[in-house]
Amino acid sequence: MKIRNNPIYKSALRLAVPMMIQNGITNAVGLVDNVMVGSIGSEAITAVSIVSQLIFVFNLAIFGGLSGPGIYGAQYFGRNNMDGFRNTVRIKHWIGAVCLIGGLLIFNFAAEPLISLYLRGESTNVDPVLTMSLAKEYLSVMLWGLPFFVVTQIYAGSLRETGDSIKPMIAGVSSVVIDIVFNYLLIYGNFGMPRLGVKGAAIATVLARIAEMSVTVIWTFAARKKHTFIKGLYKTMLVPFYDMKRIVKKSLPIFFNEFLWAGAIAALTQCYSIRSLDIVAGLNISNALCNLLNVVFVALGNAVGILIGQTLGASQYEKAKKESFSLMWFTGFVCFVLTVILVAFSGIFPGFYNTTDEIKGYATSFIIITALFFPVQGFLNALYFTLRSGGKTFVTFMFDSVFSWLIPVPCAFILCNFTQLPVFAVFALVQAADLIKVAVGYVLIRKGVWISNLVGEQ
């Protein structure tokens with residue numbers, strides 16, 4: 001496909017690149033943890049991988065919960081309605097608090113049963129008892145960072161909806177610097193610091209989360225002349241019932257979608273782990289690298305949602321439809337470039353880990369398979385955020401999480417438990433299932449069923 005010189009591409013990149021950098025830095029925090037912890041041994045890698053899957057579900061629940069108000073926020077900003085925008089930010093605070101309390105309760109009282117779900121496979125290289133101990137130790141510290149993560153997401157998301165993604169990016173840079181420094185000091189006990197292993201990695205991550213939140217919040221208030229929504233934001237936390245009702249109504253499908261989708265990803269990993277604990281370690285190494293690059297299509301998807309949302313809020317419907325197709329193809333093209341990069345590094349990156357050749361081989365194969373489906377994921381993300389920009393949250397709920405639990409998860413469960421099909425073939429088949437969503441989503445976009453001005457419906 002020929003990518004023409006279209007101004008919408010520049011607008012998308014202007015908004016997405018800082019998000020890519022910030023999210024890339026956020027994932028780099030996990031990558032640094034992975035590589036440094038990977039030098040300790042296979043049990044440490046597996047323990048961090050399991051806990052990361054659980055934290056991932058929480059993070060996606062926060063993302064989903066805050067995305068609903070974010071849809072309205074982008075449209076309110078496009079309509080230059082700051083009172084409406086402030087109400088969306090207040091609702092984010094309430095949603096974030098509820099999700100945080102729920103997450104802390106679950107992780108505190110159900111940690112061991114959740115971790116044990118991933119320790120049912122056998123391995124000659126990984127000790128499940130030691131892995132459980134390390135995972136519980138790592139999780140107990142990581143929980144302290146969750147409140148700071150939630151506040152960061154509230155502010156960073158609100159800034160992006162105004163078109164400012166620079167401040168969250170710089171906050172992310174500060175966090176990764178903090179994480180790298182304290183990982184080096186606390187994992188290995190350098191410069192007289194205690195040698196804490198996986199616990200040290202968790203402490204470093206919490207400190208990074210604190211730094212990221214501090215920079216984001218302080219800078220937002222310091223620039224309140226520019227970010228006028230912050231003026232009077234905390235005079236009250238009450239939201240008019242009408243606004244609360246309609247925004248929460250749109251938000252709930254997104255929350256459950258992200259929560260259930262993340263749960264589906266965790267369930268898929270659990271299915272693969274039945275074959276061997278080595279597979280969990282291999283997937284962890286693969287995900288550490290792939291997640292660093294998938295921020296590109298995630299950020300572009302977010303940019304698509306914001307740009308199309310602002311255009312819908314301005315009632316420019318034909319322009320929104322035309323630009324949605326341009327951005328979908330553009331995102332797919334960019335992700336094709338990422339495929340080449342990932343395949344090139346597939347055999348190099350696992351070598352940084354102090355683990356067995358078998359686990360490194362698993363990691364290399366998982367990286368290659370994931371890379372081959374990157375263009376599909378990019379196109380799919382653009383489809384998803386376009387549908388969501390018009391408030392079609394129930395459609396995206398069916399399109400994403402319901403689909404995941406009806407097709408990929410049962411497919412992986414059956415193939416892993418009742419067939420001798422190699423795990424790489426199972427993994428590839430599960431990835432290929434997303435082609436069904438691409439076809440359905442493309443038809444929905446072409447029909448224009450998503451086009452809606454939500455802030456004009458009052």
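Everything discussed here concerns the structure shown above.
For every chain, the first residue of its written sequence is number 1, and the numbers climb from 1 along that sequence. pLDDT decides what is reported in this predicted model: residues at 70 or higher carry local features, side-chain atom pairs at 80 or more are listed and counted, and totals for whole chains, interfaces and linings draw on all residues regardless. Hydrogens and water molecules were not included; the side-chain quantities draw on all heavy atoms of the structure.

**Student:** Would you mind showing me how to read the overall build of the protein here?
**Tutor:** Elements are defined by DSSP. Helices are runs of H or I of four residues or more, strands are runs of E of two residues or more, and each kind is numbered from the N terminus. Along the protein, the regular secondary structure elements total 17 helices and zero strands. By its C-alpha atoms, the protein is 60 × 50 × 40 Å across when sized along the principal axes. Accessibility here uses a 1.4 Å probe with only protein chains present; expressed as a share of the type maximum, an area under 20% marks a residue as buried, one over 50% as exposed, and anything in between as partly exposed. Across the 458 residues that make up the protein, the buried fraction comes to 58%. In the protein, 86% of the contacts between residues at least 6 apart in sequence involve partners at least 24 apart. Charged-residue counts in this description rest on Lys and Arg as positive and Asp and Glu as negative, His and the chain ends being excluded. The atom standing in for a charge is NZ when the residue is Lys, CZ when it is Arg, CG when it is Asp and CD when it is Glu. Averaging the positions of the 34 positive and the 21 negative side-chain charges in the protein gives two centres separated by 15 Å. By definition in these notes, contact holds between two residues if any of their heavy atoms fall within 4.5 Å.

**Student:** Can you help me understand the packing of aromatic side chains in this one?
**Tutor:** What describes a pair of aromatic rings is the distance from one ring centre to the other and the angle between the planes of the rings. Whether two aromatic rings pair depends on their centres lying within 6.5 Å, for rings of Phe, Tyr and Trp, where Trp uses its six-membered ring; planes under 30 degrees apart make the pair stacked, over 60 edge-to-face, and the rest tilted. A full pass over the atoms with the stated rule returns 19 aromatic pairs. Both rings, one in Phe-366 and one in Phe-427, keep their centres 4.9 Å apart while their planes meet at 65 degrees; by these two values the pair is edge-to-face. One end of the pair, Phe-366, is in helix 12 (residues 357-372); the other, Phe-427, is in helix 16 (residues 423-432), and 61 residues separate them in sequence. Phe-427 matches Phe-366 in its accessibility class, with the two residues each being buried.

**Student:** Would you explain the pattern of salt bridges in this entry?
**Tutor:** Opposite charge on two side chains allows them to pair when their charged atoms are near. The term salt bridge refers to a side-chain nitrogen of Lys or Arg lying within 4 Å of a carboxyl oxygen of Asp or Glu. For the structure shown, the criterion picks out five salt bridges. Arg-86 is paired through a salt bridge with Asp-83; the nearest N and O atoms lie 2.9 Å apart. Of this pair, Arg-86 and Asp-83 both sit in helix 3 (residues 82-109), three residues apart, roughly one helical turn. Residues Lys-136 and Glu-112 are paired through a salt bridge, measuring 3.0 Å at the closest nitrogen-oxygen approach. Of this pair, Lys-136 sits in helix 5 (residues 128-142) while Glu-112 sits in helix 4 (residues 111-116), placing them 24 residues apart in sequence. Relative accessible area serves as the criterion here: at 37%, Lys-136 is assigned to the partly exposed category.

**Student:** Where do I start with the packing of helix 2 (residues 42-78) against helix 3 in this structure?
**Tutor:** Packed helix pairs are specified by the crossing angle of their axes together with the interaxial distance, meaning the distance between the axes. Close contact between helix 2 and helix 3 brings their axes to 9 Å; oriented N to C, the two are set at 170 degrees. By the angle between their axes, helix 2 is roughly antiparallel relative to helix 3. Here an axis means a line fitted to C-alpha atoms, over the contact stretch when the element is a helix, while the angle between two N-to-C directions is reported on a 0 to 180 degree scale. When an angle is under 35 degrees it counts as roughly parallel; over 145 it counts as roughly antiparallel; between 65 and 115 it counts as roughly perpendicular; any other value is oblique.

**Student:** Looking at this model, I keep getting lost on the environment of Leu-342. Mind explaining?
**Tutor:** Structurally, Leu-342 can be placed in helix 11 (residues 317-345). Take Leu-342: its relative accessible area is 1%, and that puts it in the buried class. On a C-alpha basis, the gap between Leu-342 and Leu-372 in space is 8.9 Å, while along the polypeptide they are 30 residues apart.

**Student:** Please clarify how the environment of Ile-62 should be interpreted in this entry.
**Tutor:** Looking at the element boundaries, Ile-62 is found in helix 2. For the pair Ile-62 and Thr-355, spaced 293 residues apart in the sequence, the C-alpha separation amounts to 33 Å.

**Student:** Looking at this structure, how should I read helix 3?
**Tutor:** Here the expected span of a helix is defined as 1.5 Å times the quantity of residues minus one. When the terminal C-alpha atoms of helix 3 are compared, their 41 Å separation across 28 residues agrees well with the 40 Å that a helix rising 1.5 Å per residue should span. The residue sitting at the N-terminus of helix 3 and contributing the capping side-chain oxygen is Asn-81; that oxygen lies 3.3 Å from the backbone nitrogen of Asp-83. We define a polar contact as two N or O atoms separated by no more than 3.5 Å, with the added condition that, inside protein, one atom must be a possible hydrogen donor and the other a possible acceptor, whereas residues neighbouring each other in sequence contribute only through side-chain atom pairs.

**Student:** How should a nonpolar patch on the surface be read in this particular structure?
**Tutor:** Residues qualify for a patch when their relative accessible area is over 30% and they have no salt bridge, like charges being joined within 9 Å and the nonpolar side chains of Val, Leu, Ile, Met, Phe, Trp and Tyr within 5 Å. Where accessible areas are quoted, they stem from the Shrake-Rupley method and a 1.4 Å probe; at the residue level, only the protein chains shown are allowed to cover. Taken together, Phe-333, Phe-336, Val-337, Val-340, Ile-341, Phe-345, Ile-348 and Phe-352 make up a surface patch of nonpolar side chains, about 770 Å² in accessible area. Locating Ile-348 in the fold gives a position in the loop between helix 11 and helix 12. Residue Ile-348 is classed as partly exposed on the basis of its relative accessible area, which comes to 49%.

**Student:** Help me understand the side chain of Thr-131 in this model?
**Tutor:** Tracing the chain through its elements places Thr-131 in helix 5. Setting aside chain neighbours within four positions, we find Thr-131 in contact with Glu-43, Thr-46, Ala-47, Ile-50, Leu-119 and Val-126.

**Student:** Whenever I open this one, the environment of Val-35 confuses me. Can you help?
**Tutor:** Residue position: Val-35 is located in helix 1 (residues 7-38). For Val-35, a relative accessible area of 25% corresponds to the partly exposed category. C-alpha separation for the pair Val-35 and Gly-64, spaced 29 residues apart in sequence, amounts to 29 Å. Excluding residues within four positions of it along the chain, Val-35 makes contact with Phe-349, Phe-352 and Tyr-353.

Structural measurements only, silent on function.
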